[in-house]
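# Fold and geometry: a report
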Amino acid sequence: MGNSVGYIPSNMYDLYFHPEITPDPTEEPTFDPLLGFPNGRKAREMKVTEAEMVSAKLPLKDRDYCAHKLIDFRACRKENYPFVVNCSHEKHAFLTCKYDDFVIRMKEYERERRLRKKRQAVQSQKQLETIET
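Residues numbered from 1 in each chain as written. Predicted model: local features only at pLDDT ≥ 70, side-chain atom pairs only at ≥ 80, totals over all residues. Heavy atoms only, no water.

### Observations regarding the nonpolar core
- Counting 11 residues, the largest nonpolar core is built from Val48, Met53, Leu58, Cys66, Ala67, Leu70, Phe73, Cys76, Cys87, Phe94 and Cys97.
- Among the elements of the structure, α3 (67–79) and α4 (88–132) are those that each provide at least two residues to this core.
- The element that contributes the greatest number of residues to this core is α3, accounting for four residues.
- With residues near it in sequence (within four places) discarded, Cys87 still touches Phe73, Cys76, Arg77 and Asn80. (Core = buried A, V, L, I, M, F, W, Y, C linked by side-chain atoms within 4.5 Å. Buried < 20%, exposed > 50% of the residue type's maximum accessible area, 1.4 Å probe, protein only. Helix = DSSP H or I, 4+ residues; strand = E, 2+ residues; numbered from the N terminus. Contact = heavy atoms within 4.5 Å.)

### Section: the side chain of His68
- Counting through the fold element by element, His68 comes out in helix α3.
- His68 sits in the buried class, given a relative accessible area of 16%.

### Points about unusual backbone geometry
- With a phi angle near 55°, Lys57 is a residue other than glycine that sits in the positive phi range.
- The topology assignment puts Lys57 in the loop between α2 (50–55) and α3.
- Note on Lys57: relative accessible area 70%, which makes it exposed.

### Details of the packing of α3 against α4
- At their nearest, the axes of α3 and α4 sit 9 Å apart, and the two run at 160° to each other. With respect to their mutual orientation, α3 and α4 come out roughly antiparallel. Relative to α4, α3 is oriented so that their crossing is left-handed. Here Lys69, Leu70, Asp72, Phe73 and Cys76 of α3 lie close against α4, whose contacting residues are Glu90, Lys91, Ala93, Phe94 and Cys97.
- A breakdown of the residues in the contact of α3 with α4 according to their chemical character gives six nonpolar, no polar and four charged. (Axes fitted to C-alpha atoms, helices over the stretch in contact; angles between N-to-C directions. Parallel < 35°, antiparallel > 145°, perpendicular 65-115°, else oblique. Left-handed = near helix turned anticlockwise from the far one by under 90°. Nonpolar A, V, L, I, M, F, W, Y, C, P; charged D, E, K, R; others polar.)

So, in structure tokens, the structure goes:
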């Protein structure tokens, strides 16, 4: 039971049957980042430099917008070594930052997907109008 092939989640349906709609997470967005934001957007910025990340020996996978929190967390663990439980505040701050970063990335992904879907709908509507005339 439960192994039904008939149900395909909408995100998987779009991925396989409409790959032109589904954005690639590794590519840059195709739409203007300020589209739909009349007052502008707050720019995301790195709080640490590349040199600081290299000196902290952060792996490439951890060099993101939460690198400053990870550096603080690692420094706290080093200072309080046998009692690393004292670093729960830094750990919580780091994990919260990672979660918030994930939410922002998923919102950007969904925004890109919806804008692509809207563009495709407009193009198909224009094609129908040209066929009718």
